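Structural description and commentary
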Amino acid sequence: MAHMLEFWFEFGSTYSYLTAMRIEDAAGARGVTVRWRPFLLGPVFAAQGWDTSPFNIHKAKGEYMWRDMARRAERYGLPFQRLPATGPGAFPQNGLAAARIALIGLDEGWGEEFARGVYSAEFAAGHDIADPVLLQRLAREAGATGDVLSRAQTQANKDRLKSNVDEAFRRGIFGAPSFMADGELYWGDDRLADALDAATA
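Description of the structure in this document.

Criteria and thresholds
- Residues numbered from 1 in each chain as written.
- Predicted model: local features only at pLDDT ≥ 70, side-chain atom pairs only at ≥ 80, totals over all residues.
- Heavy atoms only, no water.
- Core = buried A, V, L, I, M, F, W, Y, C linked by side-chain atoms within 4.5 Å.
- Buried < 20%, exposed > 50% of the residue type's maximum accessible area, 1.4 Å probe, protein only.
- Contact = heavy atoms within 4.5 Å.
- Salt bridge = Lys/Arg side-chain N within 4 Å of Asp/Glu carboxyl O.
- Helix = DSSP H or I, 4+ residues; strand = E, 2+ residues; numbered from the N terminus.
- Axes fitted to C-alpha atoms, helices over the stretch in contact; angles between N-to-C directions.
- Parallel < 35°, antiparallel > 145°, perpendicular 65-115°, else oblique.
- Nonpolar A, V, L, I, M, F, W, Y, C, P; charged D, E, K, R; others polar.
- Pairing = 2+ DSSP bridges.

1. What about the nonpolar core?
Counting 61 residues, the largest nonpolar core has Leu5, Phe11, Phe39, Trp110 and Phe114 as its most contacted members. Contacts of leucine 5, omitting those with residues within four sequence positions, involve Ile23, Val32, Thr33, Val34, Arg35, Phe179, Met180, Ala181, Leu192, Ala195, Leu196 and Ala199.

This is how it looks when you write it as structure tokens:
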């Protein structure tokens, strides 16, 4: 029987970066197929009365997160840099366009490589992932052809991303990264191993 794990990710999410860069190897070692599911945290936060990340709302929590990210990235051998608090590329970054492009890429076989490229550009190099020139380049490097930016902006594709957000709400997903395995929700990069255990149980 094939084992499957859903990986729900948001491009503005720090901890999703850690997961995205290692989930395929971790899942492959366990014989688990990963289904990548891009969504947006903005509507999820708004439903809880927040207008930004809780890491910005609660200063102590935010400072802890950045230190924790540095430690965990070092543990995994991943480059990492803290994003600025204000200005272009400020945390949390706007991942809307990237998520729309990822949907197309996941259909066409280059979405996972694109997602890793976006995360690396953001959290390893400090680039602004709302930059369309950057996104077009990352998509082409991942294997996209044609004007992927225009295709991502079609109403049908916008509706697909909204559908993912709606599904996340229905399934009780409140943060990223999140995993769904055997009907159970697991939240956080540090729960990847638990989610893989559930997927193979």
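So, next bit.
2. Structural notes on the pattern of salt bridges
Tallying each qualifying case throughout the model produces 16 salt bridges. In this structure, aspartate 197 and arginine 30 form a salt bridge, with 2.8 Å as the shortest nitrogen-oxygen distance. Of this pair, aspartate 197 sits in helix H11 (residues 192-200) while arginine 30 sits in the loop between helix H2 (23-28) and strand S2 (32-38), and the two are 167 residues apart along the sequence. When its relative accessible area of 34% is taken as the criterion, arginine 30 is described as partly exposed. For arginine 151, the salt bridge goes to glutamate 108, with nearest N and O atoms at 2.6 Å. Within this pair, whereas arginine 151 is found in helix H9 (residues 148-152), its partner glutamate 108 is found in helix H6 (residues 96-108), the two being separated by 43 residues in sequence.

3. Observations regarding the packing of H6 against helix H7 (residues 111-124)
Put simply, H6 and H7 touch, their axes get as near as 7 Å, and they point 150 degrees apart. As summarised for this structure, H6 and H7 are arranged roughly antiparallel, according to the angle between their axes. Touching Ala98, Ile101, Ala102, Gly105 and Leu106 of H6 are Gly111, Glu112, Phe114 and Val118, all from H7. Residue composition of the contact of H6 with H7, by class: six nonpolar, two polar and one charged.

4. Overview of the pairing of strand S4 (residues 184-187)
Along any regular strand, the residues point their side chains to alternate faces of the sheet. Of the pairings in the sheet, the one linking strand S3 (residues 178-181) to S4 comprises four bridges and is antiparallel in character. Residue pairing across strands places methionine 180 opposite leucine 185, the latter belonging to S4. The hairpin formed by S3 and S4 contains two residues between the paired strands, and aspartate 182 there has a positive phi angle of roughly 55 degrees.

5. Let's talk about the pairing of S3
With burial as the criterion, each face of S3 is covered, one bearing Ser178 and Met180 and the other bearing Phe179 and Ala181. Direction of pairing for strand S1 (residues 3-9) relative to S3: antiparallel, over a ladder of three bridges. Each residue of the ladder has a partner; that of tryptophan 8, found in S3, is serine 178.

6. Some remarks on the packing of H6 against helix H10 (residues 155-170)
Contact geometry for H6 and H10: axes closest at 10 Å, N-to-C directions at 100 degrees. With respect to H10, the element H6 is oriented roughly perpendicular. For the pair formed by H6 and H10, the contact residues are Leu96, Ala99, Arg100, Leu103, Ile104 and Asp107 on the first element and Asn157, Lys158, Arg160, Leu161 and Asn164 on the second. Among the residues forming the contact of H6 with H10, the class breakdown is five nonpolar, two polar and four charged.

7. Re the sheet that holds S3
Here four strands make up an open sheet; going across it, the order is S2-S1-S3-S4 and the pairing mixed. A strand with exactly one partner marks an edge of an open sheet, and here the two such strands are S2 and S4. Across the sheet, the mean angle from the axis of one strand to that of its neighbour is 25 degrees, orientation sign disregarded. Of the strands in this sheet, S1 and S2 touch H7, which is tilted by about 60 degrees from S2.

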